Amino acid sequence: MNMITNHLPTAELQALDAAHHMHPFTDANGLATKGARIITRGKGVWLTDSEGNQIIDGMAGLWCVNIGYGRKSLAEVAARQMEELAYYNTFFQTTHVPAIALAAKIAELAPGDLNHVFFAGSGSEANDTNIRLVRRYWQVKGQPDKRVIIARKNGYHGSTMGGGSLGGMSPIHAHGGMIDGIVHIDQPYWWGEGEDMTEADFGLARAKQLEDKILELGVENVAAFIGEPIQGAGGVIVPPATYWPEIQRICDKYGILLIADEVITGFGRTGNWFGSQTFGIKPHIMTIAKGLSSGYQPIGGSIVCDEVAAVVAEGGEFFHGYTYSGHPVAAAVALENLRVIQEEGIIDHVRTVAHPYLKERWDALTDHPLVGEAKLVGLMGSIALTPDKAKRAKFASEAGTVGFKTRERCFANNLIMRHVGDRMIISPPLVITPAEIDVLIERAKKSLDESYAILKAEGLMVAKQE
Ligand SMILES: *Cc1c(COP(=O)(O)O)cnc(C)c1O
């Protein structure tokens with residue numbers, strides 16, 4: 001084993017972690033008992049832990065390390081920027097070169113008239129900005145009652161009060177409540193909720209809920225609709241092909257603003273710069289974060305169309321901003337990340353090499369007795385675990401039991417593949433090579449085999465009676 005010696009022994013680190021470090025989205029006592037895995041290094045698609053294990057990162061961290069770990073040029077840019085200008089703000093009639101250059105670059109890459117960027121420190125913050133931005137837009141236009149935002153159940157938009165409220169996850173709402181003026185419609189999840197409908201009809205039906213909700217609330221009260229092109233944290237839910245065109249038609253018909261949350265789907269994940277291009281969506285605002293800097297620095301933002309930016313500007317000062325909006329080091333690193341994506345042709349690599357190679361092998365996982373559907377758009381994939389594929393059945397055990405057991409096998413086999421309920425999801429670095437995809441698939445199959453054996457032995461391959 002390749003032991004790393006420049007830190008305390010793992011057990012001591014775990015004890016300190018349990019004593020002092022409050023983890024996000026974690027059962028603290030459960031973690032303290034088990035001890036957290038300590039990641040010490042990253043290179044390409046590979047992580048090393050404090051015990052020297054070589055782990056293949058099927059999740060690109062949290063969907064963010066698009067260009068892979070260990071890029072020297074980003075480290076160099078950060079060091080240089082810190083020496084030159086470590087910090088300055090963009091409030092009060094000042095600006096700096098990295099924020100200017102990054103905003104201009106994003107405007108160049110973003111489709112249509114999405115030409116203006118409001119910077120934030122994260123995706124959650126950017127969505128908080130969006131709430132204020134769309135409400136301010138209608139206020140300036142003399143329609144201050146237009147403030148309700150329609151979102152989806154099982155959508156994820158972050159975990160600040162605003163982001164968590166836009167998201168449609170009841171466990172998040174249960175811890176701290178929701179802000180006002182946000183309502184949710186059902187998600188376009190055909191495998192789990194489509195029953196006897198065709199995918200196409202189901203997509204239309206779920207989109208039609210937006211129209212019904214607008215009419216129920218009164219269009220004079222509705223500001224915007226927000227959705228992820230593909231739901232990520234909800235389980236990589238790829239909507240039926242009929243869904244987004246119908247959502248677009250409804251937003252256009254009623255003149256409400258459309259926000260595409262591109263925090264995961266932006267910057268190459270779906271095989272285009274933005275998921276909106278993959279699905280033909282024309283949003284007024286895009287939320288970005290994660291792949292914007294490949295996770296090398298915390299940065300997010302809202303890309304805003306000409307009209308919305310002009311109206312908000314007409315209203316005079318917009319009382320909103322973050323100390324670190326457009327932080328120079330984060331902006332310089334993000335700019336270098338975009339240069340790497342562009343100059344190395346990483347999105348082409350996704351489209352012509354990695355996606356086709358993985359797609360064939362990912363789809364073949366449906367031959368496994370535990371796997372129902374397999375979905376893969378660009379390098380964002382999911383498989384549904386099921387006790388009965390023909391019926392698209394759920395397990396009789398509590399939702400997530402089987403997914404968790406399967407994830408534990410992945411963990412043991414040094415593959416990072418997450419579970420959301422009883423779906424397994426991947427979102428590897430975009431630079432993954434065919435040889436690395438072979439390793440990912442081999443470890444996934446081994447984990448599925450082991451999980452299947454455990455489930456059979458424990459009597460868990462049983463369908464829920466609907
Ligand atoms: C991760 C995520 C967010 C929140 O971003 P943070 O940087 O964690 O605040 C928002 N929207 C989507 C779609 C995400 O996946």
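Residues numbered from 1 in each chain as written. Predicted model: local features only at pLDDT ≥ 70, side-chain atom pairs only at ≥ 80, totals over all residues. Heavy atoms only, no water.

Chemist: Can you explain the domain arrangement of the chain? Please cite residues and give values.
Modeler: Splitting the chain by domain gives domain 1 (44-67 + 345-457) and domain 2 (73-343). Put simply, the middle of domain 1 and the middle of domain 2, counted by C-alpha atoms, are 27 Å apart. Each partner contributes residues to the interface: domain 1 has 34 residues there, and domain 2 has 38 residues. Around 2,800 Å² of area is buried between domain 1 and domain 2 when both sides are counted, 62% of it from carbon and sulfur atoms. Our count for the contact surface shared by domain 1 and domain 2 stands at 1 salt bridge. (Domains from an automatic or database assignment. Contact = heavy atoms within 4.5 Å. Buried area = accessible area lost by both parts, 1.4 Å probe. Salt bridge = Lys/Arg side-chain N within 4 Å of Asp/Glu carboxyl O.)

Chemist: Outline empty space enclosed by the protein, listing residues and values.
Modeler: In the structure shown here, the tally under the stated rule is 1 cavity of 30 Å³ or more. The calculated volume of the largest cavity comes to roughly 50 Å³. Taken together, Pro188, Tyr189, Trp190, Trp191, Glu199, Ile237, Val238, Glu373 and Lys375 form the lining of the largest cavity. Elements represented by at least two residues in the lining of the largest cavity include exactly α9 (190-193) and β11 (371-377). Along the lines of polarity and charge, the residues of the lining of the largest cavity split into 6 nonpolar, no polar and 3 charged. (1 Å grid on protein atoms, 1.4 Å probe; cavity = no way out; pocket = protein on both sides within 12 Å on 5 of 7 lines; lining within 4 Å. Points joined across faces, edges and corners; volume = space filled by probe spheres on them. Helix = DSSP H or I, 4+ residues; strand = E, 2+ residues; numbered from the N terminus. Nonpolar A, V, L, I, M, F, W, Y, C, P; charged D, E, K, R; others polar.)

Chemist: Can you break down the side chain of Ser294 residue by residue, with the values?
Modeler: Among the secondary structure elements, Ser294 is positioned in the loop between β9 (285-288) and β10 (300-305). In this structure the side chain of Ser294 is engaged in a polar contact, spanning 3.2 Å, whose partner is the backbone nitrogen of Ile67. (Polar contact = N/O pair within 3.5 Å; in protein donor to acceptor, adjacent residues only side chain to side chain.)

Chemist: Explain the sheet that holds strand β13 (residues 415-416) to me, and be specific about the residues and the numbers.
Modeler: One open sheet holds the 4 strands; their spatial order is β1-β2-β3-β13, and the pairing between them is mixed. Each of the sheet's edge strands pairs with one partner strand only, and the pair in question is β1 (39-43) and β13. Of the pairings in the sheet, the one linking strand β3 (residues 54-57) to β13 comprises 2 bridges and is parallel in character. What sits directly across from Ile56, in β13, is Leu415. Across the sheet, helix α17 (residues 434-457) is in contact with β2 (46-49), β3 and β13; its angle to β3 comes to roughly 100 degrees. (Pairing = 2+ DSSP bridges. Axes fitted to C-alpha atoms, helices over the stretch in contact; angles between N-to-C directions.)

Chemist: Tell me what's going on with the pattern of salt bridges, and back it up with residues and numbers.
Modeler: Within this structure, the stated rule accounts for 23 salt bridges. For Glu199, the salt bridge identified is with Lys375, shortest N-O distance 3.8 Å. Of this pair, Glu199 sits in helix α10 (residues 199-217) while Lys375 sits in strand β11; the two residues are 176 residues apart in sequence, bridging distant segments of the chain. A residue is classified by how much of its surface remains accessible, and Glu199, at 30% relative accessible area, is partly exposed. The residue Glu211 makes a salt bridge to Lys253 at a minimum N-O spacing of 3.0 Å. With Glu211 in helix α10 and Lys253 in helix α11 (residues 243-254), the pair connects residues that are 42 residues apart, well separated along the chain. Here Glu211 falls in the buried class, since its relative accessible area comes to 8%. Accessibility expressed as a relative area gives 51% for Lys253, which makes it exposed. In the salt-bridge network here, residues are joined through shared partners; they are Glu211, Glu246, Arg249 and Lys253. (Buried < 20%, exposed > 50% of the residue type's maximum accessible area, 1.4 Å probe, protein only.)

Chemist: Please give an account of the site of the ligand that cites residues and values.
Modeler: Contacts to the ligand come from Ser122, Gly123, Ser124, Asn127, Tyr156, His157, Gly158, Glu228, Asp261, Val263, Ile264 and Lys290. In isolation the ligand offers 380 Å² of accessible surface; the protein chains occlude 84% of this area. For the shell around the ligand, the element with the most residues is helix α6 (residues 123-140), which contributes 3 residues. In the shell around the ligand, the residues fall into 3 nonpolar, 6 polar and 3 charged. (Near = heavy atom within 4 Å. Areas by Shrake-Rupley, 256 points an atom, 1.4 Å probe, with all protein chains shown as cover.)

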